[in-house]
Amino acid sequence: MKRFLLIFASILIVTSLSASPIGDECTPDTLQNNSFVNNFQQKQTTFSVQLEGNILRTQDVPDGSILSIYAITGMKIGSYKVQDNEVVLNDTPAKGIYIIRVNNRATKITVR
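Residues numbered from 1 in each chain as written. Predicted model: local features only at pLDDT ≥ 70, side-chain atom pairs only at ≥ 80, totals over all residues. Heavy atoms only, no water.

**Q** I'm lost on unusual backbone geometry in this one. Help?
**A** Among all residues save glycine, negative phi is the norm, and among peptide bonds the norm is trans. Phi is positive for Asp60, which is not a glycine, with a value near 65°. Mapping Asp60 onto the fold places it in the loop between strand E2 (55-59) and strand E3 (66-71). You can call Asp60 exposed: its relative accessible area is 55%. Here Asn103, not a glycine, exhibits a phi torsion of approximately 50°, which is positive. Structurally, the position occupied by Asn103 is in the loop between strand E6 (96-102) and strand E7 (105-111). The class of Asn103 is partly exposed, set by a relative accessible area of 43%. (Helix = DSSP H or I, 4+ residues; strand = E, 2+ residues; numbered from the N terminus. Buried < 20%, exposed > 50% of the residue type's maximum accessible area, 1.4 Å probe, protein only.)

So, in structure tokens, the structure goes:
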């Protein structure tokens, strides 16, 4: 039985290697023209945040978006609505590292 599984796994590996596009077929130019790659790049736009006291200033975040703040442990601190590229927090966050999430995008911020 072990011999059969070993032979079967070997055949699968060889088949998958021979079927994969390696060499001239998979170049950076062909990847650029791939619609999946283009859609992924469009959805992965970056954003930035800066904390000034209890005001969190954002860049490249549409107004009306919901901004969520998480502690590094994963605990949700709060959710806020972005207006005019800023969010007014209830309190100034304590020192530490926080994860800021907006529209399935995330970044981290360090409060010193």
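Text resumes after the structure shown.
**Q** What is the right way to read the sheet that holds E6 from this model?
**A** An order of E4-E3-E6-E7 is seen for the four strands of this open sheet, with the pairing classed as antiparallel. If you trace the sheet from one side to the other, it starts and ends with strand E4 (76-81) and E7, each paired once. Across this sheet, the average inter-strand angle for adjacent strands is 25°, counted without regard to direction. (Pairing = 2+ DSSP bridges. Axes fitted to C-alpha atoms, helices over the stretch in contact; angles between N-to-C directions.)

**Q** I would appreciate a short explanation of the sheet that holds strand E1 (residues 48-52) in the present structure.
**A** The pairing of strands in a sheet comes from backbone hydrogen bonds and takes either a parallel or an antiparallel form. Read across the sheet, three strands follow the order E1-E2-E5 without closing on themselves; strand pairing throughout is antiparallel. The sheet terminates laterally at E1 and strand E5 (86-88), the two strands that pair on one side only. Averaged over neighbouring strand pairs, the angle between their axes works out to 20° when direction is ignored. Bridge analysis of E2 against E5 gives three bridges, and the strand direction is antiparallel. Each bridged residue has a counterpart across the sheet, and for Ile55 the counterpart in E5 is Val88.

**Q** Quick question: what am I supposed to make of the layout of surface pockets here?
**A** Over the atoms, a rolling probe the size of a water molecule traces out where space has been left empty. Estimates place the volume of the largest pocket at around 200 Å³. Ile69, Ile77, Leu89, Asp91 and Pro93 are the residues nearest the centre of the largest pocket, which is lined by 15 residues in total. If you list the elements that add at least two residues to the lining of the largest pocket, you get E4, E6 and E7. Looking at the lining of the largest pocket residue by residue, the classes come out as twelve nonpolar, two polar and one charged. (1 Å grid on protein atoms, 1.4 Å probe; cavity = no way out; pocket = protein on both sides within 12 Å on 5 of 7 lines; lining within 4 Å. Points joined across faces, edges and corners; volume = space filled by probe spheres on them. Nonpolar A, V, L, I, M, F, W, Y, C, P; charged D, E, K, R; others polar.)

**Q** So what exactly am I meant to see when it comes to the nonpolar core here?
**A** Soluble, globular proteins show a tendency: their nonpolar side chains are buried together. If you look at the biggest cluster of nonpolar residues, it comprises 15 residues, and the most contacted ones within it are Leu56, Leu67, Ile69, Val87 and Ile100. Counting only elements with at least two residues in this core, the list comes to E3, E6 and E7. Among the elements that take part in this core, E6 stands out by supplying three residues, more than any other. Filtering out sequence-adjacent residues up to four positions away, Leu56 remains in contact with Val49, Gln50, Leu51, Leu67, Ile69, Asn85, Glu86, Val87, Ile100 and Ile109. (Core = buried A, V, L, I, M, F, W, Y, C linked by side-chain atoms within 4.5 Å. Contact = heavy atoms within 4.5 Å.)

Interpretation note: all reported values are geometric properties and have no functional meaning in isolation.
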